[in-house]
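# Examination of the molecular architecture
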Amino acid sequence: MTKTIENFLQYVTIDTQSNEYSKKVPSTEKQHNLARLLTKQLTEMGAEEITYDKEFCYVYASIPATPGYEKSPVLGFISHMDTSPDVSGADVKPRIVENYDGGDIVLNAEQNIVLSSTVFPKLATLRGQDLIVTDGTTLLGADAKAGVSEIMAMAEHLLTHPEIPHGKIRIGFTPDEEIGKGADHFNIALFGADFAYTVDGEALGKLENETFNAAGAILTIHGRNIHPGTAKDQMLNSILIAQEFHSLLPAFQNPMYTEKREGFFHINSISGNVDKTVAKYIIRDHDKTLFLQKKELFNSCAAFLNKKYGENTVTVEMEDTYYNMGEVLVHHAHLIENAAKILRELGVEPQVFPIRGGTDGSRLSFMGLPCPNLCTGGGNFHSRFEYACVQSMETVTELLVRLAVCYGRKS
Ligand SMILES: [Zn+2]
């Protein structure tokens, strides 16, 4: 078994689920368990400048440049240690399905949980390879422990092969990516890389250089409750006004009807009574102009209802969450170009996609560290049907090694 897979099978058994409702940093104490192990392993393999930030739960380390390559740009690789709050990450029992036949995989016979090739047609592309799957009761944690495993295997490979020339490599492992806080306490100055890759994507070959522009909005409708028997011309039912608000938004600009670069308005939650209703929305678009237009439309729907029902009937609290990293990465096109070139050398056709979401990289790119996202070889993230492909993961490790070599400059 290769180091990449050995690492992965070890890391997924450590529960590092983050918690979106926690006010603590990191959101869960148990993420330190993996951070400690990675720090120990980095020390044992001879990595340098290792920092384990015990307060915020970040791990940083360096692989020094090979002699004569000290003037190369400093290249970073980043992945996240936590797993999604959506599905349990406790007591993960990974299993390897060798030489996958392209059909259904029974994950759990007792509970009749099946990884169906009909529901997940992408599985067909992995016929003949070895898949790591769950026992159907937890997620796997390939998101992003596949990335962590590949970065660790790349580091060990470079440290045990001093004949491979490369510049200085920085490694960073973050907590709480799944709750949107992975970049919050990332120390860009300490990291000190000129640019980096996050290793947090899915199928082999996928490269991501764009994210959404993202905003969140809380809509509050203030109604007026009166006994329904005497309500004529006096009652304002906030539930009905909320419904009216939603009907003003373009019906098909909704996650259920959009894909690729199409943006949307998404209502996450709604709760209320006649007197008061609160609805939470997220607004997304890759295109900056369309993003601004969507926010403006949202506000003008509220303004229209205030005209109709009276000032302050509807209030909107809107906040931007992150922006499309493509805006930054367009000035660093070499990052995706080099990754694509190496993938082709490895016999993999690269596919450059905009992410329909955000990554640590979108925040980091705007904080001054340009950071596109590489594939990991996993799939069906945040799910009991999550899997990782052994051969894909090994190819990604090779991709990381070759990227390290690619950015080496002999001085
Ligand atoms: Zn992830």
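Data block above holds the structure.
Residues numbered from 1 in each chain as written. Predicted model: local features only at pLDDT ≥ 70, side-chain atom pairs only at ≥ 80, totals over all residues. Heavy atoms only, no water.

## Observations concerning the side chain of Thr277
Here Thr277 is to be found in strand β13 (residues 276-285). A distance of 3.5 Å separates a polar atom in the side chain of Thr277 from the backbone nitrogen of Ile239. When sequence neighbours within four positions are dropped, the list of residues in contact with Thr277 reads Leu219, Thr220, Ile221, Ser238, Ile239, Ala242, Ile270, Ser271 and Gly272. (Helix = DSSP H or I, 4+ residues; strand = E, 2+ residues; numbered from the N terminus. Polar contact = N/O pair within 3.5 Å; in protein donor to acceptor, adjacent residues only side chain to side chain. Contact = heavy atoms within 4.5 Å.)

## A closer look at the sheet that holds β13
Taken in spatial order, the 4 strands of this open sheet run β12-β13-β11-β14, and their pairing is antiparallel. Either end of the sheet is taken by a strand with one partner, and the two such strands are β12 (264-272) and β14 (314-322). Mean inter-strand twist for the sheet, computed between neighbouring axes without regard to direction, equals 15 degrees. (Pairing = 2+ DSSP bridges. Axes fitted to C-alpha atoms, helices over the stretch in contact; angles between N-to-C directions.)

## Points about the layout of surface pockets
Considering only enclosed or pocket space, the second largest pocket measures out at about 520 Å³ in volume. Considering the residues around the second largest pocket, the lining is formed by 20 residues, among which Lys122, Thr125, Ala203, Lys206 and Tyr387 are closest to the centre. (1 Å grid on protein atoms, 1.4 Å probe; cavity = no way out; pocket = protein on both sides within 12 Å on 5 of 7 lines; lining within 4 Å. Points joined across faces, edges and corners; volume = space filled by probe spheres on them.)

## Description of helix α1 (residues 3-11)
Spacing of three or four residues puts side chains on the same side of an α-helix, whose turn is 3.6 residues. By the burial criterion, the buried members of α1 are Thr4, Ile5, Asn7, Phe8 and Tyr11. Seen along its axis, α1 keeps its buried residues to an arc of 160 degrees; they face one direction. Taken together, the buried residues of α1 touch α2 (31-45), β4 (95-97), β7 (131-133), α3 (142-160), β18 (387-389) and α10 (390-406). (Buried < 20%, exposed > 50% of the residue type's maximum accessible area, 1.4 Å probe, protein only. Arc of directions from axis to C-beta.)

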